Amino acid sequence: MKTMKKVAAVLLAVMLMAPAAVNAAAPSATKATIAGQKAAVSTVYTGKAQLPATVTINGKTLIAGQDFVYVNAAAKTDAGTYTVSIKGIGAFEGTATVTYTVNKAAAATKTTKVAAKKAYKASSLKKKAKKFSVKVAGATYTVKGKKAKKYIKVSKKGKVTVKKGIKKGTYKIVIKVKATKNTKAGKKVVKIVIK
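A brief look at the structure comes next. Residue numbers run consecutively from 1 along every chain, following the written order of its sequence. Restriction of local features to residues with pLDDT of at least 70 applies here, the model being predicted, together with a cutoff of 80 or more for giving and counting side-chain atom pairs; totals for whole chains, interfaces and linings are based on all residues. Water and hydrogen atoms play no part in the side-chain values, which are based on all heavy atoms of the structure.

1. Structural notes on the pattern of salt bridges
Thinking step 1. Any carboxyl oxygen of Asp or Glu within 4 Å of a side-chain nitrogen of Lys or Arg constitutes a salt bridge here. Evaluated as defined, the whole model comprises 1 salt bridge.
Thinking step 2. A salt bridge links Asp78 to Lys181, with the shortest nitrogen-to-oxygen separation between them at 3.2 Å. Pair noted here: Asp78 is in the loop between β5 (68–71) and β6 (80–88) and Lys181 is in the loop between β14 (169–177) and β15 (186–194), with a separation of 103 residues, a long-range link.
Thinking step 3. Each residue's exposure class comes from its accessible area (1.4 Å probe, protein chains only) as a fraction of the maximum for that residue type: buried when under 20%, exposed when over 50%, partly exposed otherwise. The exposure class assigned to Lys181 is exposed, which follows from its relative accessible area of 57%. Numbering of helices and strands runs from the N terminus, with a helix taken as a DSSP run of H or I at least four residues long and a strand as a DSSP run of E at least two residues long.

2. Examining the sheet that holds β6
Thinking step 1. Should DSSP find at least two bridges between two strands, the strands are regarded as paired. Strands sit in the order β2-β8-β6-β5 across an open sheet of 4 strands; the sheet is mixed. On the outer flanks of this sheet lie β2 (38–44) and β5, each paired with one strand and no other. Ignoring which end each strand starts from, the neighbouring axes of this sheet average 35° apart.
Thinking step 2. Note that β2 and strand β8 (residues 95–103) share 7 bridges and pair parallel. Note on β8: the bridge partner recorded for Ala40 is Thr99. For helices, the fitted line uses only the C-alpha atoms of the stretch in contact; every axis is such a line through C-alpha atoms, and the angle between N-to-C directions lies from 0 to 180 degrees.

3. Focus: the environment of Tyr82
Thinking step 1. Inspection of the secondary structure assignment puts Tyr82 in strand β6.
Thinking step 2. Residues Tyr82 and Val41 lie 41 residues apart in sequence; the distance between their C-alpha atoms is 9.9 Å.
Thinking step 3. Not counting residues up to four positions away in its chain, the partners in contact with Tyr82 are Lys76, Val98, Thr99, Tyr100 and Val102.
Thinking step 4. In the analysis that follows, any N or O atom pair within 3.5 Å is treated as a polar contact, provided that within protein one partner can donate a hydrogen and the other can accept it, and provided that, for residues neighboring in sequence, both atoms belong to side chains. Here Asp78 takes part through its backbone oxygen, which lies 2.8 Å from a polar atom of the side chain of Tyr82. The contact criterion used is simple: two residues touch if any of their non-hydrogen atoms lie within 4.5 Å.

4. Some thoughts on the sheet that holds strand β12 (residues 152–154)
Thinking step 1. Spatial ordering of the open sheet is given by β10-β13-β12, a layout of 3 strands whose pairing is antiparallel. Only two strands of the sheet have a single partner each, and these edge strands are β10 (130–133) and β12. The sheet shows a mean angle of 15° between the axes of neighbouring strands, taken without regard to direction.
Thinking step 2. Two strands pair when backbone bridges link them, and β12 and strand β13 (residues 159–162) are joined in this way by 3 bridges, in the antiparallel orientation. Each bridged residue has a counterpart across the sheet, and for Ile152 the counterpart in β13 is Val162.

5. Topic: the packing of aromatic side chains
Thinking step 1. Only Phe, Tyr and Trp rings are paired, with Trp represented by its six-membered ring, and only when their centres lie within 6.5 Å; those with planes under 30 degrees apart are stacked, over 60 edge-to-face, the remainder tilted. Tallying each qualifying case throughout the model produces 3 aromatic pairs.
Thinking step 2. With 5.6 Å between their ring centres and 40° between their planes, Tyr82 and Tyr100 make a pair best called tilted. In this pair, Tyr82 is assigned in strand β6 and Tyr100 in strand β8, connecting sequence segments 18 residues apart.
Thinking step 3. A relative accessible area of 1% places Tyr100 in the buried class.

See below:
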């Protein structure tokens with residue numbers, strides 16, 4: 001009887017110790033650290049406030065809101081270079097520094113839908129002038145050549161008038177846009193071909 005009680009006591013002790021042994025053997029999840037790391041990111045001016053959606057550190061792409069959060073960082077709108085701090089979350093830990101550059105957007109002359117060429121038959125301009133628009137935001141317009149200036153006029157708003165009686169040939173209007181704080185300078189040449 002005493003032997004049975006001893007066996008029962010030993011089995012009970014083993015059962016109570018087993019979970020503790022399993023828990024002790026299970027390794028804790030190791031987080032990757034980004035502490036002290038630096039990253040550089042670039043984006044393009046959009047007219048809206050923005051912070052980088054992803055950051056690459058040690059060859060790994062971290063996603064904002066999933067792998068890190070910004071620390072007291074305000075989204076920026078204007079072109080320029082800014083420095084912010086991020087804090088790892090999820091599988092990452094530690095605080096890193098991110099330098100991000102908002103580059104100037106392309107000039108309006110690059111993104112405009114104004115055609116680079118307009119063609120007319122000389123016969124259609126014998127009795128009646130032709131009009132069309134080359135309007136580009138913030139642009140200035142110049143008709144190139146003495147002969148062209150005699151027959152082609154461009155208003156400050158980009159409205160072009162091709163006068164009647166114009167001779168056959170190729171005429172040019174140069175559209176220029178100055179650089180601004182957030183956009184690049186640009187130039188576009190519109191050709192008017194009279195056949």
